[in-house]
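# Commentary on secondary and tertiary structure
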Amino acid sequence: MKLKPVGLLTLVVWGIVSVLWIGRSIYNAVSGMEGTPWFNVLLAAIWFASFCVMLYRFWKGRKGKE
């Protein structure tokens with residue numbers, strides 16, 4: 001499966017949303033306000049992984065332009 005490159009704007013927006021969701025998930029896990037702690041940590045890990053994939057796609061797209 002070949003991943004298509006993404007632009008800088010997409011990466012920035014994805015990064016901001018990822019930070020917000022990771023922060024919210026960790027806060028909910030620590031405070032126990034919403035859901036179970038392991039589920040909130042899992043959500044944070046998924047958001048972090050998705051940001052890493054977007055960063056990889058951006059980096060590969062930039063490397064291809066050189």
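One can find the structure itself at the top, above this paragraph.
Description of the structure in this document. (Residues numbered from 1 in each chain as written. Predicted model: local features only at pLDDT ≥ 70, side-chain atom pairs only at ≥ 80, totals over all residues. Heavy atoms only, no water.)

Looking now at the packing of aromatic side chains. A full pass over the atoms with the stated rule returns 3 aromatic pairs. Aromatic side chains W14 and W47 sit 6.0 Å apart centroid to centroid with 40 degrees between the ring planes, which places their arrangement in the tilted category. Placement of the pair is W14 in helix α1 (residues 8–31) and W47 in helix α2 (residues 37–65), with a sequence separation of 33 residues. One aromatic cluster is present, built from ring pairs that chain together W14, W21 and W47. (Phe/Tyr/Trp six-rings, centres within 6.5 Å; stacked < 30°, edge-to-face > 60°. Helix = DSSP H or I, 4+ residues; strand = E, 2+ residues; numbered from the N terminus.)

Right, let's get into the side chain of N40. Tracing the chain through its elements places N40 in helix α2. The buried category is assigned to N40, whose relative accessible area is 5%. With sequence-adjacent residues up to four places away left out, N40 is seen in contact with S25, N28, A29, E34 and G35. (Buried < 20%, exposed > 50% of the residue type's maximum accessible area, 1.4 Å probe, protein only. Contact = heavy atoms within 4.5 Å.)

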